[in-house]
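Reading the structure
Residues per chain are reported as follows:
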Amino acid sequence: MSFIEQMKQKARSDKQNIVLPEATDLRVLQAASIILQEQIANVILIGNKDEIRKAAGDLDLAEAIIIDSEHAEKGQEYAQAFYELRKSKGITLEQAAEQVKDPVYFGMMMLKQNDADGLVSGAIHSTADTVRPALQIIKTAPEAKLVSTFFVMVVPDSEYGHNGTLLFADCALNENPNAEELSEIAIASAHSMNSLLDLTPVVAMLSYSTFGSAKSELTEKVIRAAALARQKAPELLLDGEMQVDAALVQRVARLKAPGSKAAGQANVLIFPDLNAGNIGYKLTERLAKAQAYGPITQGLAKPINDLSRGCKAEDIVGVVAITAVQAQSGK
Ligand SMILES: CC(C)(COP(=O)(O)OP(=O)(O)OC[C@H]1O[C@@H](n2cnc3c(N)ncnc32)[C@H](O)[C@@H]1OP(=O)(O)O)[C@@H](O)C(=O)NCCC(=O)NCCS
Ligand SMILES: CC(=O)OP(=O)(O)O
C-alpha cells in the first residue's frame, strides 16, 4: 500500500476535525469534497457561507462545517484568549478582536481552545503567513527546542531511500540554521520518519563535501551539526557531512564514504540551509515527478501543516490525512 493510502486508512480509523481556513480556493474545496467523500476527516471550512458555496459550484460539501470568522459565536472568547497570549507583545483587546477575524488566526484559535484537532493552510498564504500564527499561538511542544518542517517525497520507480520514499528537511522554515539548530532538525526528522512512516531512519547531513573533501565555514557547520546530533542521539544511524550522491548511491558511498553507517542508504536528507532544502524538494518534485507532501511541521504543540502555493487538490488531501494521523497520536 502506498504511503498516502496508509495515512488515509489510519486517518479513517479515528476521524479528526481538521480546519481548512482557505475556503474560497477551488483546490481546497475540491480537496474538502474528496476528504468528506473518502471519510478521511471531518472538515471545518472558515469563511462566508455564500462565498464558499459560490466558489464550490457543484462540489458536494453538505457535510462540511462552515464557520464565518467575521461573525462567529466564539469570536469574543477567541479574541480574549488571543489577547491574553499576546498582550506582553503590546497588543490591545481591540487589535486581538480584529486579528482573530482572519481565517488563519481564527483556525489557530480553534485548535488552541480545543475546538478542532488540526489545521492545513498554505494554498494561498505564504509559509511565513501560515507558520507565524502557529508559532505565536500554538507554540512549541514541551519536549521540542525548535519548530522545523519536512516533506515526505515519494519518487516513482526509484530504488533510493525506502523504495523511493524519503524525508527531506528543512525545506520551508529555518532559513540558515546554526550547527545546534541543524542537529535538532536532524534528530526531529529521524523521529518523524519513525513515528509517521514506521521506518528506521538513516540520516545524511548534506553538504557539497564528503568527509572532508572540501573545507570551508559551510562544511564545518554541517560537520559540527552531525557531531552534535550523534552526541545527543547516539542510537541514530546518522552521518555527515556528505554529498547527496554519497548519501543515496551505494557505489558512490563506497568510494567517497567507506565505512559510513548512513552513506549509500539514507532515507532522511538534512539540507544545510533553506536555499538548498527548498530548491532540492522542488527539483525532485518537478524533474523526478515525485509526490511532495508538506511542508509538515515538527515540534509544534498541535498539528498545523503548510502547503506550497503550487499544490494540487490531491496534495491537500494527502497533507490533511497526515495532519489527522498526527492529531490522533497527539491525543
Ligand atoms: C516562519 C518565520 C516567519 C518566523 O519568523 P520570525 O520573523 O521569527 O517570526 P516572529 O518573530 O513573529 O516569531 C514568531 C514567534 O515564533 C518564534 N519562532 C520563530 N521561529 C521559530 C522556530 N523555528 N521554532 C520555534 N519558535 C520559533 C519566535 O521566537 C516568536 O515567538 P514569540 O512571538 O512568542 O516571541 C520565519 O522563520 C520565516 O520567514 N521563515 C521562512 C519561510 C519561508 O519563506 N519559506 C520559504 C517557502 S516554503
Ligand atoms: C513550501 C513552499 O515552497 O511553498 P511556496 O511554494 O508556497 O513558496
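Residues numbered from 1 in each chain as written. Chains lettered and ligands numbered in written order. Predicted model: local features only at pLDDT ≥ 70, side-chain atom pairs only at ≥ 80, totals over all residues. Heavy atoms only, no water.

The name recorded for the chain in an unreviewed UniProt entry is Phosphate acetyltransferase, from Anaerospora hongkongensis. Quoted verbatim from the Catalytic activity (unreviewed entry) field of UniProt, the annotation for the chain is "acetyl-CoA + phosphate = acetyl phosphate + CoA". According to the UniProt record, the Sequence similarities (unreviewed entry) comment for the chain is "Belongs to the phosphate acetyltransferase and butyryltransferase family." (UniProt positions renumbered as here; feature names shortened; annotations may be inferred.)

Quick look at the side chain of Ser 69 now. If you trace the backbone, Ser 69 turns up in the loop between strand E3 (65–67) and helix H4 (75–86). A polar contact of 2.6 Å, which involves the side chain of Ser 69, links it to the backbone oxygen of Lys 101. Ignoring sequence-local partners within four residues, the contact set of Ser 69 consists of Ile 46, Val 100, Lys 101, Asp 102, Pro 103 and Phe 106. (Helix = DSSP H or I, 4+ residues; strand = E, 2+ residues; numbered from the N terminus. Polar contact = N/O pair within 3.5 Å; in protein donor to acceptor, adjacent residues only side chain to side chain. Contact = heavy atoms within 4.5 Å.)

For the rest of this paragraph, the subject is the packing of aromatic side chains. Two numbers describe a pair of aromatic rings. These are the distance of the centres and the angle of the planes. All chains considered together, the criterion is met by 5 aromatic pairs. Both rings, one in Phe 82 and one in Tyr 105, keep their centres 5.7 Å apart while their planes meet at 80°; by these two values the pair is edge-to-face. Note that Phe 82 is positioned in helix H4 and Tyr 105 in helix H6 (residues 103–112), a separation of 23 residues in sequence. What makes Phe 82 buried here is its relative accessible area of 2%. (Phe/Tyr/Trp six-rings, centres within 6.5 Å; stacked < 30°, edge-to-face > 60°. Buried < 20%, exposed > 50% of the residue type's maximum accessible area, 1.4 Å probe, protein only.)

On to the site of ligand 2, then. Around ligand 2, the structure places Thr 127, Phe 151, Asn 278, Tyr 281, Lys 282, Pro 295, Ser 308 and Arg 309. Here Ser 308 contributes a side-chain N or O atom positioned 2.7 Å from an oxygen atom of ligand 2. When ligand 2 sits alone it has 260 Å² of accessible area, and the protein chains cover 87% of it. Per-element tally for the shell around ligand 2: the top contributor is helix H12 (residues 274–287), with 3 residues. For the shell around ligand 2, the per-class residue count stands at 3 nonpolar, 3 polar and 2 charged. (Near = heavy atom within 4 Å. Areas by Shrake-Rupley, 256 points an atom, 1.4 Å probe, with all protein chains shown as cover. Nonpolar A, V, L, I, M, F, W, Y, C, P; charged D, E, K, R; others polar.)

This paragraph deals with unusual backbone geometry. Excluding glycine, most residues fall at negative phi; most peptide bonds, likewise, are trans. For the bond running from Gly 240 to Glu 241, omega is 0°, close enough to zero to count as cis. Turning to its location among the elements, Glu 241 is positioned in strand E8 (residues 237–242). In this chain, Gly 294 is followed by Pro 295 through a cis amide linkage whose omega measures -5°. With respect to the element layout, Pro 295 can be found in strand E10 (residues 291–298).

Inspection of every chain in the model, using the stated rule, returns 1 cavity of 30 Å³ or more. Volume-wise, the largest cavity comes out at about 70 Å³. Phe 151, Tyr 281, Glu 285, Arg 286, Ala 292, Gly 294, Leu 307, Ser 308, Gly 310, Cys 311 and Asp 315 together form the lining of the largest cavity. The set of elements that each furnish at least two residues to the lining of the largest cavity consists of H12 and E10. Looking at the lining of the largest cavity, the element that brings in the most residues is H12, giving 3 residues. (1 Å grid on protein atoms, 1.4 Å probe; cavity = no way out; pocket = protein on both sides within 12 Å on 5 of 7 lines; lining within 4 Å. Points joined across faces, edges and corners; volume = space filled by probe spheres on them.)

So, on to the environment of Tyr 293. Considering the arrangement of structural elements, one finds Tyr 293 in strand E10. Relative accessible area serves as the criterion here: at 5%, Tyr 293 is assigned to the buried category. Here the alpha-carbon distance between Tyr 293 and Ile 316, two residues 23 residues apart in the chain, equals 8.3 Å. Ignoring anything within four residues of it in the chain, the contact list for Tyr 293 reads Phe 3, Ile 4, Phe 150, Phe 151, Val 152, Val 154, Asp 315, Gly 318, Val 319 and Ile 322.

Buried residues dominate E10, accounting for 7 of its 8 residues. Of the strand pairs in this sheet, strand E5 (residues 148–154) and E10 are connected by 6 bridges, and their pairing is antiparallel. Among the inter-strand pairings, Val 152 is bridged to a residue of E10, identified as Tyr 293. (Pairing = 2+ DSSP bridges.)

Right, let's talk about the UniProt feature "domain: Phosphate acetyl/butaryl transferase" (unreviewed entry) in the chain for a bit. Annotation from UniProt places "domain: Phosphate acetyl/butaryl transferase" (unreviewed entry) at residues 2–324. Strand forms 16% of residues 2–324 and helix 45%; the C-alpha atoms that close the span are 17 Å apart.

A few words on the site of ligand 1. Around ligand 1, the surrounding shell holds 17 residues, and the nearest of these are Lys 89, Thr 127, Val 147, Ala 172 and Leu 173. Residue Val 147 places a main-chain N or O atom 2.9 Å away from a nitrogen atom belonging to ligand 1. Contact between ligand 1 and Asn 174: a nitrogen atom at 3.1 Å from a side-chain N or O atom of the residue. For ligand 1, whose unbound accessible area comes to 940 Å², protein coverage reaches 62%. Contributions of two or more residues to the shell around ligand 1 are made by helix H7 (127–137) and H12.

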